[in-house]
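Residues per chain, in single letters:
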Amino acid sequence: MMRWLATAMVGLGLAGAGCAPTGQAPPTQASPPPPPPATQQLVRWSDAMCGTAKAIDSARPSAVQFASSTPDATRADAFIREVATWVDGTSKQLQDLKPTGIEPVDSHTSKLRNWFTGLEKKSVDGMKAGEADKVAHAGPLAQEFSTSEPAEAGLSALAERTPELVASYNVAPGCTPVRQAGQDGRERDLVLWANIMCATTKELSTLRTDPLADPAVSDPRFQRAAWASLGTYISSAGSPLSDVSTQLSSVKPIGIAEADAYQAAQLSAVQSAMAKLPQGTSSTELFQLPIDQLKAKATEVAGILATAKPKEPGLDAIVAKDEKLKAAHGLAPSCESPQQTPATAANGTDLSACQSGKCQVQITGSADVTAGGHTFKVSVSSAGVTVTDASRVLNLGPGGQGSFGDATKTIAVKLVSLTGNAAIVDITAS
């Protein structure tokens, strides 16, 4: 009987280590399996969420300070508008995130979107409120904002307890890695390299090098805006190069000779172009130059910018030569393929639909558009859309939006999608 009981205990896994035969080591506990590998969708989700979480945490001190003060109506109104602007800009990072099929991940997305929706409604109600009610609207808004849990810490905790997410979270460029769970950090280094190189390559590839083709310069109807268009082009030419230089300078070598050489050559080209751009000329001085001199200076700047554009072999060719770098390139958010233009816009190519004051149309090349009685020109290039009327120019990159007008009419334009020289734009006159 005792012999049977001992046998049964061993068979059920209940026998203690002290019951192991003499000289035989007790069985070791199996290591937990490694987490699933990173995926592009989850890296993109993690990157967007980490950016949003950092924005929430950085905005909280201002709300805390406001909540602990005794504001007047003017300050309350300013705070409400500040929150409204912040919500509009920050929530855009969440708009394109699709369901992942992982319950805790999708639940986190839903809760955050609902929180932003609540903040948006409260800030809109606050802006509409009369002066006497501004403080009453601002107080609860600040209180909710200031008492919310630290967003970045909560997101890190979610990643740590979600095996399907942790590998993607750890390589997402905007996130601080949590426990490595078998990752050696090499994959993250490659993803960071690819992400910056893709972002800077896109920025440099879309540098405008055709300032004289701008409708404000080439179309006699809009030449009142020619000085502003060319002057702005010249005075702002160094800004994208400065941003790219900063990003490229932050890239650490990854030990792949051709890739490191490509990054170094691109940084050198950008810094060389920056040194050649005209220095010390203000926008006011440029606007006072004769148009022929302004055109000549803009053409000079365009030639300098062209030297900073990526050269062959391009980034894709470099990446394709190393399997690990190619895989990292496939995970990096900045390396995702650009959005393809939908087959049709809501109003197709019917520009006359815009005369009602609200339309979504597809424009190829360039076209005159009339909305709300106001006529302007929309020109499409691989860099984005240029909107020109009699006295002003609006440049929109992919996903960009802006407005122009006068005391009686405002025209808002949003670039919905862009492929080659075809774009879908939302146009609203109010």
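Summarised in this report is the structure supplied together with it. (Residues numbered from 1 in each chain as written. Predicted model: local features only at pLDDT ≥ 70, side-chain atom pairs only at ≥ 80, totals over all residues. Heavy atoms only, no water.)

We now examine the nonpolar core. Most often, soluble globular proteins have nonpolar side chains that are buried together. Grouped together as the largest cluster of nonpolar side chains are 86 residues, with contacts concentrated most on Trp 86, Trp 193 and Leu 241. The element that contributes the greatest number of residues to this core is helix H2 (residues 40–67), accounting for 12 residues. If we skip the residues at most four places from it in the chain, Trp 193 touches Val 251, Lys 252, Ile 254, Ala 259, Asp 260, Gln 263, Leu 315, Val 319 and Leu 325. (Core = buried A, V, L, I, M, F, W, Y, C linked by side-chain atoms within 4.5 Å. Buried < 20%, exposed > 50% of the residue type's maximum accessible area, 1.4 Å probe, protein only. Helix = DSSP H or I, 4+ residues; strand = E, 2+ residues; numbered from the N terminus. Contact = heavy atoms within 4.5 Å.)

Before going further, it helps to spend a moment on the packing of helix H3 (residues 73–95) against helix H4 (residues 103–128). Where H3 contacts H4, the axes come no closer than 9 Å and their chain directions differ by 150°. Relative to H4, the element H3 lies roughly antiparallel. Here H3 runs over H4; the crossing is left-handed. In contact with Ile 80, Arg 81, Val 83, Ala 84, Trp 86, Val 87, Thr 90, Ser 91, Leu 94 and Gln 95 of H3, H4 contributes Leu 112, Arg 113, Trp 115, Phe 116, Leu 119, Glu 120, Ser 123, Gly 126 and Met 127. For the contact of H3 with H4, the class distribution of residues is 11 nonpolar, 5 polar and 3 charged. (Axes fitted to C-alpha atoms, helices over the stretch in contact; angles between N-to-C directions. Parallel < 35°, antiparallel > 145°, perpendicular 65-115°, else oblique. Left-handed = near helix turned anticlockwise from the far one by under 90°. Nonpolar A, V, L, I, M, F, W, Y, C, P; charged D, E, K, R; others polar.)

A few words now on the pairing of strand E8 (residues 422–429). By the criterion of burial, E8 is predominantly enclosed, with 6 of the 8 residues buried. Looking at chain direction, strand E1 (residues 358–364) and E8 are connected through 7 bridges and run antiparallel. Residue pairing for E8: Lys 358 is matched across the bridge by Thr 428. In this structure, strand E7 (residues 410–419) lies alongside E8, joined through 8 bridges in antiparallel fashion. Within the sheet, the bridge partner assigned to Leu 418 lies in E8 and is Ala 423. (Pairing = 2+ DSSP bridges.)

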